[in-house]
Structure formats: C-alpha cells, structure tokens
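Listed below, chain by chain, are the residues.
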Amino acid sequence: MSKQTVLVIDDERDIRELLTITLGRMNLLVESAGNVSDAKRLLAGHHYDLCFTDMRLPDGSGQELIELIAREHPQMPVAMITAYGNMDAAVNALKAGAFDFVSKPVDINMLRRLVQTALRLSSERRDGDGDDAAVVAPTADTVVVQRLIGDSPPMQQVRATIAKLARSQAPVYISGESGVGKELVARLIHEQGPRASGPFVPVNCGAIPSELMESEFFGHKKGSFTGAQTDKEGLFQAANGGTLFLDEVADLPMHMQVKLLRVIQEKAVRPIGGRTEVPVDVRILSATHKDLARLVDSGHFRQDLFYRINVIELRVPSLRERREDIPKLTVRILNRLAAEAGGDAPRLQPPALKALLDYAFPGNVRELENILERAVALCENGSIEVADLMLNARAAAGAGGSADSEDDEDGDDPGAGNGAASGSVGLDDYISNLEREKIMQALLETRYNKTAAAKRLGITFRALRYKLKKLGID
C-alpha cells in the first residue's frame, strides 16, 4: 500500500522542516512549498491526502489556497497554520472550507491527532468517490433517514447539510425552536464524521449550577477546594478525540463564556488547582432555542464567543414547516411506544390524524411524542380518536403564550412537550389528573390487581408502575 502524502505550505523554513520531520515519523510522504505560486503548481500536478497552509505567504494568502482547494480538490482536507491567538484568521479559514487549524508554535501531539483525524476523513472521501457521492452515500444517508424522519424539502436539506458538515471540524451552531431535535442533529454530525469512533459528550449548560461549572467543564485536582477528594476529569477531557455538544449554550454565565472562549482559542484546559494546561482535541457543536444574535445585541452573550461557535449555522425547521412529515413521524412514534410497552401499536383514526395535521405544535416533535404517549394511555380498544389527543386543551392552555418555553431542554429523548410558558403547568396538571382518574378507575374495577389494571389500560405492568410512582398513587 502506497504512503499517504501531505503538502505543507509555509514561508518559514523551520516550520516546513518541523512538519516534514513530524509527519515523516508518521510514515507519511511530505512535499513542501514556500509560496502560493509553488503551491498551485504542486496542487495542479499531484494528488495529496492532506494539506497544511500558512495564512500569510510572500505572494498571496493561505485563504486563497483554501478556497482553491475547496473548489478544485474537495476530497482533500486542508488545515490552516495560524499565528498564536489569531482566531479571526482561523474562523475565516473554517468558513472558507478548512478542515481545522493549528496555531504556532505547533504542538506536536495536537498536530498528530489532527493529522490522524484528517487522514481518516480523506480516506472516507476517497472511498465515497468524490464530494457529491459522499453526500448521498447509501450507508451514511440510510443512517440519517432512519433517525431523522421526514421526506419534506426542509428535512432533505437538513440531511444534506449534516452530511457536508460532518466532513469539517468547524464549530457548528444548531438553531431552532425547542423540541425540534437539535441534539439528534448534533449526534448525526458526530456519527458521520471522522470523530465517530470518539466520544459524543452532550451537556445542558442550563442544568449545571454556576458555582460548579468550571469544575464540570475543566475538571479539578485533589484538594483544590473543599470536597475535592480526588482528581476529576472535566467534560472537555471526557470528549477528547470526539465531540462536545453544548446544549442551551445561551445559558452560560458571563464568566464561563470567557473561559470557554479561551479553551476554543488555545485548544487546552487548565483544571482547577492545576499548574499546567492540558491539550484537548475536541470539536464543539452548540445549540439553543433562544435568539443568540439578539442576546449578543443586548449584551447578555459575548460577541467574540458567538463569532467563534457560529462559524457555520444549521437551522432545524419547526414541525409547522414540515407538516407533510407528521404521518410518517406518527407511525414511527406509535410503533416505538408499542415496542416499549410490549404490545401492538394502536390505530390512529383518520379524524385524529387530520387534527394533528391542523395543530400548531409549539413544542414540535417532542410535543408530538408527548401527545401520542398520552393518547396511547387514554385510548380505548387500541383506537386513538380525536378526543384522546386532547388538542383543544393543549391549544387553550397555550393561548397567548410563547412557543419557546425558556426552561425546556432539547434532548434526543424527548420528555414533556413544551406548550406556552404561561399555561404549560396548568396543562400538565390537567392531563395528570385525567391519567390519575383513568388509572384509579382501572384499579377499582380490578380490585387493585395491578397486572389486570395494566392490561385493562392497554399498557405494560412496568409502564403502570412508572405512572403510579410519577402520579404519587400508592
């Protein structure tokens, strides 16, 4: 098997020699150029598996070369070599199509990890027979179709964008309303990229107490504060070699925004009580249902951090924008609920389906799951009617409120649907009372035989036991 080849473009002889020696020890063939003209000549006549280019060159810029490679050699990952702290250049390079960046002075261990990741990507692109083929490759596309349900034009666009973003290491900001499945999109970006074998670490930034954030993100050393009885690895170290997904990133307090910006720029963390920084190789994906640009304008989110994490934005459409996907989503959800309960999927009657198609879904896919889960518990004889969906009650509870409940999480495993903030609590109480009434009736009719009551309700004994605990029924 022939060796993989790398092109290094830098006007500093020391940098070229350092990269040539380091990459040569990784069993790679290295060619180098000291300016744009020589680089273009080599690119025109040779195939390379990876390219490194400096930003400032005697007769042009690395940005020009990155754009050329993205246009004419899309299968070749290219990484930018930047001066220390010059994140503006790095961000611009990523926007232009660069795979990643490395700062001077070059950290050898970080460089090796970057090269290994890039060469995996190069191999995958080559096996996919080109840029377009990579987007529609049956293996990758099949995975996405199975988990990202819907054939509407907006969802087809999302799937195509995910396939493209998976091939970069650029930070991605995933925007969209609560309940649209932003964490699922982040997982798919991770799973289709060269970091798929590494960890995917999701963290809800709004769920970590402010005083514990630094320890959770960066770790701590034993004895660094009261209660620190052992060394602890932080989330960045846990995600090393993989992806860190910052959900509800808008909820980060200002002091953590500053520290996060530093980690992104330096690709290293310092645990609390630690004397040295620990290099981390992490791709950062972030999401929030809030308007992050508006928070920047109001001074509640740092503009420089927004600029760093929002290199590429992927907007996930609301369910209202893809109503034609509701029938397929409904079938998939009902089949999953039936499999979990160990029974047959209930039948959704045509009027009930029409009611779902006409509903606004302020809580999106998560709310659809929640509605169907309750309908399965309430329906009779395995047939879901309009009344079982209780859409009128949900619409009434959400009247006049916001579709984006601020305390809602956007997880891959949806829980309660997010109605309007002004009425969601009352709605939950109302539905819980209905569930309680149904369950109590079944228990009375079966003389508190829980197995028989579960059968009468059309759910498993395990599901009934869960509901009894949740509703506080002894």
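Preceding block: the structure.
Described below are features of the structure shown in this document. This is a predicted model, so every value here is computed, not measured. (Residues numbered from 1 in each chain as written. Predicted model: local features only at pLDDT ≥ 70, side-chain atom pairs only at ≥ 80, totals over all residues. Heavy atoms only, no water.)

1. Here's the deal with the overall build of the chain
Thinking step 1. From N to C terminus, the chain includes 22 helices and 16 strands.
Thinking step 2. The buried share among the 474 residues of the chain stands at 51%.
Thinking step 3. The contacts in the chain between residues at least 6 apart in sequence include a share of 71% that link residues at least 24 apart.
Thinking step 4. Put simply, the chain shows about 22100 Å² of open surface, and 49% of that area lies on carbon and sulfur atoms. (Helix = DSSP H or I, 4+ residues; strand = E, 2+ residues; numbered from the N terminus. Buried < 20%, exposed > 50% of the residue type's maximum accessible area, 1.4 Å probe, protein only. Contact = heavy atoms within 4.5 Å. Areas by Shrake-Rupley, 256 points an atom, 1.4 Å probe, with all protein chains shown as cover.)

2. Describing the nonpolar core
Thinking step 1. Core analysis: the biggest nonpolar cluster contains 61 residues, and Phe-217, Phe-236, Leu-244, Leu-246, Leu-292 and Phe-301 have the highest contact counts within it.
Thinking step 2. At seven residues, helix H4 (residues 87-96) tops the list of elements feeding residues into this core.
Thinking step 3. Those residues in contact with Phe-236 that sit more than four places away from it in its chain are Phe-217, Phe-218, Leu-244, Leu-260, Val-263, Val-269, Val-280, Val-282 and Ile-284. (Core = buried A, V, L, I, M, F, W, Y, C linked by side-chain atoms within 4.5 Å.)

3. A few points about helix H2 (residues 36-45)
Thinking step 1. Among all positions in H2, only Val-36, Ala-39, Leu-42 and Leu-43 are buried. For H2, the buried positions fall inside an angular range of 125° around the axis, keeping them on one side. In this structure, H2 carries Arg-41, Ala-44 and Gly-45 as exposed residues pointing more than 90 degrees from its buried face.
Thinking step 2. The secondary structure elements touched by the buried residues of H2 are strand E1 (5-9), strand E2 (29-33), strand E4 (56-57), strand E5 (60-61) and helix H3 (62-72).
Thinking step 3. For H2, the side-chain oxygen to backbone nitrogen distance between the N-cap and Ser-37 is 3.2 Å, and the N-cap itself is Asn-35. (Arc of directions from axis to C-beta. Polar contact = N/O pair within 3.5 Å; in protein donor to acceptor, adjacent residues only side chain to side chain.)

4. Regarding the environment of Gly-97
Thinking step 1. Among the secondary structure elements, Gly-97 is positioned in the loop between H4 and strand E7 (100-103).
Thinking step 2. On the accessibility criterion, Gly-97 (44% relative accessible area) is partly exposed.
Thinking step 3. Separated by 70 residues in sequence, Gly-97 and Arg-167 place their C-alpha atoms 9.8 Å apart.
Thinking step 4. Setting aside residues up to four positions removed in sequence, Gly-97 forms contacts with Ile-66 and Val-78.

5. A closer look at the sheet that holds E7
Thinking step 1. Ordered by their spatial adjacency, five strands build an open sheet running E2-E1-E3-E6-E7, and the pairing between neighbours is parallel. One side of each edge strand has no neighbouring strand; the edge strands of this open sheet are E2 and E7. Here the strands of the sheet are splayed against their neighbours by 20° on average, with no regard to which way each runs.
Thinking step 2. In this sheet, E7 lies alongside strand E6 (residues 78-82) in parallel orientation, the contact comprising four bridges. (Pairing = 2+ DSSP bridges. Axes fitted to C-alpha atoms, helices over the stretch in contact; angles between N-to-C directions.)

6. Regarding helix H15 (residues 326-341)
Thinking step 1. Over its 16 residues, H15 runs 22 Å from end to end, which matches the ideal 22 Å to within 8%, given 1.5 Å per residue.
Thinking step 2. Listed in full, the buried residues belonging to H15 are Ile-326, Leu-329, Thr-330, Ile-333, Leu-334, Leu-337 and Ala-338. Buried residues along H15 cover an arc of 160° about the axis, so they all sit on one side. Projecting away from the buried face of H15 at angles above 90 degrees are the exposed residues Val-331 and Ala-339.
Thinking step 3. Elements that come into contact with the buried residues of H15 comprise strand E15 (347-348), helix H16 (350-358), helix H17 (364-378) and strand E16 (383-384).
Thinking step 4. Gly-342 occupies a position one or two residues after H15 and carries a positive phi of about 75°. (Expected span 1.5 Å × (residues − 1).)

7. Observations regarding the pairing of E6
Thinking step 1. Where burial is concerned, most of E6 is hidden: five out of the five residues are buried.
Thinking step 2. A two-sided burial pattern is seen for E6, the buried positions comprising Val-78, Met-80 and Thr-82 on one face and Ala-79 and Ile-81 on the other.
Thinking step 3. Both strand E3 (residues 50-54) and E6 contribute to a ladder of four bridges, which runs parallel. Within the sheet, the bridge partner assigned to Asp-54 lies in E6 and is Ile-81.

8. Details of the sheet that holds strand E9 (residues 200-204)
Thinking step 1. Within the open sheet, the five strands sit side by side as E9-E10-E13-E8-E14. Their pairing is parallel. Looking at the sheet topology across the chains shown, the edges are occupied by E9 and strand E14 (312-315). Strand after strand, the sheet turns through a mean of 20° between neighbouring axes, direction not considered.
Thinking step 2. Where strand E8 (residues 172-175) meets strand E13 (residues 283-288), four bridges bridge the pair, whose relative direction is parallel. Note that in E13 the partner of Ile-174 across the bridge is Ala-287.
Thinking step 3. Contacts between helix H8 (residues 153-165) and the sheet are confined to E8, E13 and E14, with E14 contributing the most and set at about 155° to the helix.

9. Topic: the packing of aromatic side chains
Thinking step 1. Under the counting rule described, the total for this entry stands at six aromatic pairs.
Thinking step 2. For the pair Phe-217 and Phe-218, a centre-to-centre distance of 6.2 Å together with 45° between the ring planes defines the contact as tilted. For the residue pair Phe-217 and Phe-218, the accessibility class agrees, reading buried in each case.
Thinking step 3. The rings of Phe-217, Phe-218 and Phe-236 are connected pair by pair, giving a single aromatic cluster.
Thinking step 4. Its guanidinium or amino end placed over the ring of Phe-101, Lys-267 lies 4.1 Å from that ring's centre, counting from NZ or CZ. (Phe/Tyr/Trp six-rings, centres within 6.5 Å; stacked < 30°, edge-to-face > 60°. Lys NZ or Arg CZ within 6 Å of the ring centre and 35° of its normal.)

10. Overview of the pattern of salt bridges
Thinking step 1. Taken as a whole and judged by the stated rule, the model has 23 salt bridges.
Thinking step 2. Among the salt bridges present, the one from Glu-64 reaches Lys-40, with a minimum N-O distance of 2.7 Å. Taken together, the residues span a long stretch of sequence, with Glu-64 in helix H3 and Lys-40 in helix H2 at a distance of 24 residues.
Thinking step 3. Residue classification places Glu-64 among the partly exposed positions, given a relative accessible area of 31%.
Thinking step 4. Exposure remark for Lys-40: the relative accessible area of 36% places this residue in the partly exposed category.
Thinking step 5. The partner of Glu-216 in a salt bridge is Lys-232, with the nearest N and O atoms 2.5 Å apart. Here the residue Glu-216 occupies a position in helix H10 (residues 213-218), and Lys-232 occupies one in the loop between H10 and helix H11 (235-238), the gap between them amounting to 16 residues.
Thinking step 6. Because the salt bridges share partners, they merge into one network encompassing Asp-10, Glu-12, Asp-54 and Lys-104. (Salt bridge = Lys/Arg side-chain N within 4 Å of Asp/Glu carboxyl O.)

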